[in-house]
Amino acid sequence: MSSKKDVAYHYLKEAILADELKPGTPISEIAVAKDLGISRTPLREAMRELEREGLIISYPDRGSFVSQVSPSDVDEIYELRSMIECWCLRKGFSRLDRTELQYIKKDFEEAYEKNDWQLFHTADRKLHGMIVDSASSPRIRSFAGNLNSQCERVRRISAKGVSRSEKSLREHSAIIDAIIDGDEAKAEEALRQHLSSVGDTAIEVSRRSF
């Protein structure tokens, strides 16, 4: 059973990522605690965790707010993400499950054919999560998770475009095919190009909303 802190954490995180709580929005502890039927102690614990992930920012005597994500923030996040994921790919290349990758590729293809953004998003998280996990580094996994949380709001918006979905399908297929073929250098270059492309799109989205 989820703790009250976990309930508050997932409630606020989903509201932020879904853009229901927009950047700069003040977070009322009293209102959220009342809505969830919990005390402010577990809520504050959840908010501290979200602050560590960069989704909330708190100011003394002013309260807590949904953090802003500037174009320069997105640029930095994707540059760091590329460094981390490429390192993980090299570190864990031999441990990547080729059979599982084939299933993920089919999910990407089905998502594109059905224009199913949620399935596309799930396949994306599986692939990139598998790459990060292959390095078997808890520290890197934690750091990568924080980066993804900070950029998830922009990713959800930017990934919904049809033109981006078609391009993303090609990019993900190139990564998966290179891994299955055992070509580490080609897989890393495909991963780097994909993250650069996604980062460029995310920066454009953040410019429109910042």
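Structure's up top.
Residues numbered from 1 in each chain as written. Predicted model: local features only at pLDDT ≥ 70, side-chain atom pairs only at ≥ 80, totals over all residues. Heavy atoms only, no water.

## Section: the overall build of the protein
Then, in step 1: The secondary structure content of the protein amounts to nine helices and three strands.
Then, in step 2: Along the protein, helices and strands appear, N-terminal first, in the series α-β-α-α-β-β-α-α-α-α-α-α.
Then, in step 3: Here the protein has a C-alpha radius of gyration of 18 Å; the compact-globule value for 210 residues is 17 Å, and the two agree.
Then, in step 4: Expressed as a percentage of the 210 residues in the protein, the buried residues total 44%.
Then, in step 5: In the protein, the proportion of contacts linking residues at least 24 apart, taken out of those at least 6 apart, comes to 75%.
Then, in step 6: Summed over all atoms, the accessible surface of the protein reaches about 11,400 Å², with 49% contributed by carbon and sulfur.
Then, in step 7: Averaging the positions of the 33 positive and the 36 negative side-chain charges in the protein gives two centres separated by 3 Å. (Helix = DSSP H or I, 4+ residues; strand = E, 2+ residues; numbered from the N terminus. Rg over C-alpha atoms; globule rule 2.2 N^0.38 Å. Buried < 20%, exposed > 50% of the residue type's maximum accessible area, 1.4 Å probe, protein only. Contact = heavy atoms within 4.5 Å. Areas by Shrake-Rupley, 256 points an atom, 1.4 Å probe, with all protein chains shown as cover. Lys, Arg positive; Asp, Glu negative; His and termini not counted. Charge placed at Lys NZ, Arg CZ, Asp CG, Glu CD.)

## Notes on the pattern of salt bridges
Then, in step 1: Applying the stated criterion across every chain, the model contains 15 salt bridges.
Then, in step 2: Between Lys 13 and Glu 53 there is a salt bridge whose closest N-O contact spans 3.3 Å. Of the two residues, Lys 13 is situated in helix α1 (residues 4-17) and Glu 53 in the loop between α3 (40-52) and β2 (56-59); the sequence distance between them amounts to 40 residues. Taken as a pair, Lys 13 and Glu 53 share a single burial class, namely buried.
Then, in step 3: For Arg 90, the salt bridge goes to Glu 188, with nearest N and O atoms at 2.6 Å. (Salt bridge = Lys/Arg side-chain N within 4 Å of Asp/Glu carboxyl O.)

## Regarding helix α6 (residues 117-133)
Then, in step 1: Over its 17 residues, α6 extends 24 Å from the first C-alpha to the last, a length consistent with the 24 Å expected when each residue adds 1.5 Å.
Then, in step 2: The N-terminus of α6 is capped by Asp 116, whose side-chain oxygen sits 3.2 Å from the backbone nitrogen of Gln 118. (Expected span 1.5 Å × (residues − 1). Polar contact = N/O pair within 3.5 Å; in protein donor to acceptor, adjacent residues only side chain to side chain.)

## Thoughts on α3
Then, in step 1: For α3, which comprises 13 residues, the first-to-last C-alpha distance of 18 Å matches the rise-based estimate of 18 Å (1.5 Å per residue) to within 8%.
Then, in step 2: Listing the buried residues of α3 in full gives Pro 42, Leu 43, Ala 46, Met 47 and Leu 50. Buried residues in α3, looked at end-on, bunch into an arc of 140°, giving them a common side. Counted as exposed and oriented over 90 degrees from the buried face of α3: Thr 41 and Arg 52. (Arc of directions from axis to C-beta.)

## Some remarks on the packing of aromatic side chains
Then, in step 1: Taken as a whole and assessed by the stated rule, the structure comprises two aromatic pairs.
Then, in step 2: Where Phe 108 meets Phe 120, the ring centres are 5.2 Å apart and the plane angle is 70°; that geometry is what we call edge-to-face. Here the residue Phe 108 occupies a position in helix α5 (residues 98-114), and Phe 120 occupies one in helix α6, the gap between them amounting to 12 residues.
Then, in step 3: Of note, Arg 98 hangs over the ring of Phe 93, and the distance from its end group to the ring centre comes to 4.9 Å. (Phe/Tyr/Trp six-rings, centres within 6.5 Å; stacked < 30°, edge-to-face > 60°. Lys NZ or Arg CZ within 6 Å of the ring centre and 35° of its normal.)

## Some thoughts on the sheet that holds strand β3 (residues 63-66)
Across a sheet, paired strands are connected by hydrogen bonds in the backbone, their directions being either parallel or antiparallel.
Then, in step 1: Pairing in this open sheet of three strands is antiparallel, and the strands run β1-β3-β2 from one edge to the other. Either end of the sheet is taken by a strand with one partner, and the two such strands are β1 (26-27) and β2.
Then, in step 2: Here four bridges tie β2 to β3, and the two strands are oriented antiparallel to one another. Directly across from Ser 58, in β3, lies its bridge partner Ser 64.
Then, in step 3: With respect to the sheet, α3 is in contact with β1, β2 and β3, its orientation differing from that of β2 by roughly 110°. (Pairing = 2+ DSSP bridges. Axes fitted to C-alpha atoms, helices over the stretch in contact; angles between N-to-C directions.)

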